[in-house]
Amino acid sequence: MKLLAVTACPTGIAHTYMAAEALEVAAEEAGHEIVVETQGSAGSTPFTPEQLAEADAIILAADVEVRDKDRFAHLPTVTAGVKKAIGGAAGLIEQAVAAAEAAPKGATGSAAPAEPQLAVKQSGPGAGSKVRGWLMTGVSYVIPFVAAGGLLIALGFALGGYQISDAPSVTQSFSWTSHLSWAALLFQLGSLAFGLLVPVLSGFIAYAIADRPALVPGFVGGLVAVQTHAGFLGGLVSGLLAGGLIFWMKKWRAPKALAGIMPVLVLPLVGTAVIGGIMFVVIGQPLAAVTTGLTDWLNSLSGSNAVLLGALLGAMMAFDMGGPVNKAAYAFAVAGLSTNSQTALLIMAAVMAAGMTPPLALALASTVRKKLFTEAERENGRAAWLLGISFITEGAIPFAAADPFRVIPSIMAGSAVTGALSMAFGSTLRAPHGGIFVVPLIGNPIGYLIAIVAGTLVSAALVILLKSAGQRRSATTTESAPAPRAAAHA
Amino acid sequence: MTEPQSALITADLVDLDLPSANRRAAVGALAERLQKAGRVTDLTQFLADIEAREQQMPTGLEGGIGIPHCRSAAVTAPSLAFGRSTAGVDFGAEDGPARLVFMIAAPEGGDTDHMTVLAALARRLVRKAFKDELLGATDAGHVADYIRKEVGA
């Protein structure tokens, strides 16, 4: 990969060059090419138009305003303080590579420098790819949590059956010889890992925007999203808010007495109080009202057309994967189980099927159309097969967080199809979860399977369609872009 | 080896046993060496400029390095004074005190040609081999020779 970097510091005699050296060393070690423009007192050699046209991403490591920023407005950008580049150059290179991978292929080589009049108009896509870069950073950190946590939970189910979720805590009872104890251990470890999913997503989105001081507000904001059941969409919001707030606060000119403790104390402290407060009061409270409203509304629907209800519940399951809408649909189904009525069993079956579809669909899409997904997403896709059949809907979160406006509508449509078909086929289920491991408990399992496959195909097709349409649009302006470059050789 | 007066660093600008009571003591000792060598005209002015930069953001870096530096009207030529401390001097780095202290003095209106030597020095500071050599050195003259050879000045 070909990277650019600009380094600049207030005095222009030390940090600028140390950062440049550190970035060059780190890039070489990671097998990438990098050109650094040192905007310091020893004069700087500006990037050539060829370098600007061929670059995949740029790192701005500066404590002062970077000169002539519009030259690289077309590139995915990673911004950091100059000290960060000296101590954490490898991390910045990693972020830049992630940002480049997140940007649509071809759009980066848009030859903007050769046509300066275009460069001004490019501020739109530039901002868009910036946001995508931030989201991708968060997603790349969250994927291992999804995979490890999800597989632990699935193993727990496989070993202990679906009731393993009701097992007592392993801190209270653990028997070395009981397979149920081991299953409970795996399940509970997996659940803990999943509890970190939204905080990690939120924390690293904030980190990508505003560096280390944003980590605490980002993580805590994500924890509040978990507490208020705001789900991963809440985590996206808290991560972006926390990053934005700290980014803005960093521009304050702190009084000298405070300057030294700004990044380690003042920014995290104030940022966490503000973001946590917003997440609890401004977002959490209305969200609780929405959840109650949705539940009441669903209750009022009982007795209406079963197929339509299945479609609605299915779409809700896929909308926010663990957020308030998903929770409302799922809780509605589980609450019905205690009544033991036939309708309740139908609803439970539809809801679980619809919750299995999203990870399966994205696993399928990222297998058949590899080019539409980043390397990190493809890796997540491999785990998503297993997560999907285990009814661990969260397996689709990394995909949805990276590209919400294309992925969420697609998986909602597929899950609606699955929910409706499951109802139409009259499949029933008396267990609240378990996925593939509770097949023996499912009434009309063949119809159930058809419903899941149909929804998976619909979602996968839609995701591929929307993603390729998005890429084609951005590619039309770059017909003359250079052919795909050979892998970087350092 | 002869030591041209215009060189970035000379043996008398090396202090292998730097006063380490606090940052000011360490900075003061190195600044005095620069003054004695005729590279700093007004010590008070120079120290104030160094302190002003330090207040903007501490110059301590991870890995036990401090780089007090400034551009100052009191400086006559781009210069480096180097100090090594066994106990370490706190320069505000997150991972602890600095054992290697590089005081970089740049003249206020220095043209870019003169500054390239400082840029080359800064680049060496992030290299482990460079730091290791200085940590192990026993002779001030050798240290000055080594640094001049590394930065090509």
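Remember, predicted model here, so these are calculated numbers, not experimental data.

A. Seen up close, the overall build of chain B. Each helix and strand counted, chain B has 5 helices and 6 strands in total. Each helix (α) and strand (β) of chain B, taken in turn from the N terminus, gives the series β-α-α-β-β-β-β-β-α-α-α. Relative to the globule expectation of 15 Å for 153 residues, the C-alpha radius of gyration of chain B, 14 Å, shows essentially globular dimensions. Taking the principal axes of the C-alpha coordinates as reference, chain B spans close to 35 × 35 × 25 Å.

B. Here's a closer look at the pairing of strand S2 (residues 33–38) of chain A. Residues and elements named next belong to chain A. Bridge analysis of strand S1 (residues 2–8) against S2 gives 6 bridges, and the strand direction is parallel. If you follow Thr 7 over to S2, its bridge partner there is Thr 38. For the crossover from S1 across helix H1 (residues 15–29) to S2, the handedness is right-handed.

C. Quick look at the nonpolar core. If you look at the biggest cluster of nonpolar residues, it comprises 81 residues, and the most contacted ones within it are Phe 46, Phe 102 and Ile 147 of chain B. Beyond its immediate sequence surroundings of up to four residues, Ile 147 of chain B is in contact with Leu 8, Ile 9, Leu 80, Leu 121, Phe 130 and Leu 134 of chain B. With 63 residues, the next largest nonpolar core counts Val 146, Leu 201, Leu 387 and Ile 464 of chain A among its residues.

D. Helix H9 (residues 215–227) of chain A, seen in detail. Residue and element names in this part refer to chain A. Across its 13 residues, H9 extends 18 Å between first and last C-alpha, which sits within 8% of the 18 Å expected from 1.5 Å per residue. Within H9, burial applies to Pro 217, Gly 218, Gly 221, Gly 222, Val 224 and Ala 225. Across the axial projection of H9, the buried residues extend over an arc of 160°, all falling on one side. Buried positions along H9 lie against helix H8 (197–210), helix H10 (231–249) and helix H12 (262–301). Phi turns positive, to about 55°, at His 229, one or two residues after H9.

E. Geometry of the packing of aromatic side chains. Per the stated rule, a full pass over the model turns up 14 aromatic pairs over all chains. The interplanar angle of 15° and the centroid separation of 3.8 Å between the aromatic rings of Tyr 141 of chain A and Phe 204 of chain A together place this pair among those described as stacked. Note that Tyr 141 of chain A is positioned in helix H6 (residues 123–160) and Phe 204 of chain A in helix H8, a separation of 63 residues in sequence. Their ring planes at 25° and their centres at 6.3 Å tell us that Phe 102 of chain B and Phe 130 of chain B sit as a pair that is stacked. Here Phe 102 of chain B, found in strand S6 (residues 98–107), pairs with Phe 130 of chain B, found in helix H4 (residues 128–136); they are 28 residues apart in sequence, far enough to count as distant. Side by side, Phe 102 of chain B and Phe 130 of chain B carry an identical accessibility label, which is buried. Grouped by ring-pair contacts, the aromatic residues Tyr 141, Phe 204, Tyr 207 and Phe 219 of chain A constitute a single cluster.

F. Examining unusual backbone geometry more closely. Residues and elements named next belong to chain A. Backbone geometry at Asp 211 places phi at a positive 70°, although glycine is not the residue there. Tracing the sequence through the fold places Asp 211 in the loop between H8 and H9. Even without glycine at this site, Asn 444 takes up a positive phi of about 55°. You can see Asn 444 is positioned in the loop between helix H18 (404–425) and helix H19 (445–476). Its relative accessible area of 34% is what places Asn 444 among the partly exposed residues.

G. Representation of the interface of chain B and chain A within the structure. Each partner contributes to the interface: chain B provides 25 residues, whereas chain A provides 23 residues. Of the roughly 2200 Å² buried where chain B meets chain A, counting both sides, 63% is carbon and sulfur surface. For chain B, the biggest contributors to the area lost against chain A are Leu 61, Arg 123 and Val 126 of chain B; these three give 26% of the whole. Where chain B packs against chain A, one counts 4 salt bridges. Here chain B and chain A share 6 residue pairs in polar contact (both at pLDDT 80 or more) between them. Put simply, the parts of the chain that give the side of chain B that touches chain A at least two residues each are helix H2 (43–56), strand S2 (60–61), strand S4 (69–72), S6 and helix H3 (112–125) of chain B. With 8 residues, H3 of chain B is the single largest residue contributor to the side of chain B that touches chain A. Across the side of chain B that touches chain A, the residue classes break down as 13 nonpolar, 6 polar and 6 charged.

The rules we used
Residue numbers restart at each chain and count upward from 1, following the sequence in its written direction. Here chains are named by letter from A upward and ligands by number from 1 upward, in the order in which they appear as written. In keeping with the predicted nature of the model, local features appear solely for residues at pLDDT of at least 70, side-chain atom pairs appear and are counted solely at 80 or more, and the whole-chain, interface and lining totals rest on all residues. The basis for the side-chain values is all heavy atoms of the structure; hydrogens and waters are excluded. Here a helix means four or more residues in a row that DSSP labels H or I, a strand means two or more in a row labelled E, and each is numbered from the N terminus. Atoms counted for the radius of gyration: C-alpha only. Globule rule: 2.2 Å times the number of residues to the power 0.38. For two strands to count as paired, DSSP must find a minimum of two bridges between them. Handedness is read with the strands pointing away from the viewer; a crossover is right-handed when the path from the first strand over the helix to the second is clockwise. Within this scheme, the nonpolar core is defined by two criteria: the residues are buried Ala, Val, Leu, Ile, Met, Phe, Trp, Tyr or Cys, and they are joined through side-chain atoms within 4.5 Å. Working definition: with a 1.4 Å probe on protein chains only, accessible area under 20% of the residue-type maximum means buried, over 50% means exposed, and in between means partly exposed. In what follows, a contact means two residues having at least one pair of non-hydrogen atoms within 4.5 Å. Working rule for helices: expected span equals 1.5 Å times residues minus one. Here the arc refers to the set of directions running from the helix axis out to each C-beta atom. In this scheme Phe, Tyr and Trp rings, the latter by its six-membered ring, pair at centre separations within 6.5 Å, and the angle between planes marks the pair as stacked below 30 degrees, edge-to-face above 60, and tilted otherwise. Simply put, the buried area is the total loss of 1.4 Å probe accessible area from both parts when two parts are fitted together. By convention in these notes, a salt bridge is any Lys or Arg side-chain nitrogen within 4 Å of a carboxyl oxygen on Asp or Glu. Two N or O atoms form a polar contact when they lie within 3.5 Å of each other; inside protein one atom must be a possible hydrogen donor and the other a possible acceptor, and for residues adjacent in sequence the pair counts only when both atoms belong to side chains. Residue type decides the class: Asp, Glu, Lys and Arg count as charged, Ala, Val, Leu, Ile, Met, Phe, Trp, Tyr, Cys and Pro as nonpolar, and the leftover types, Gly among them, as polar.

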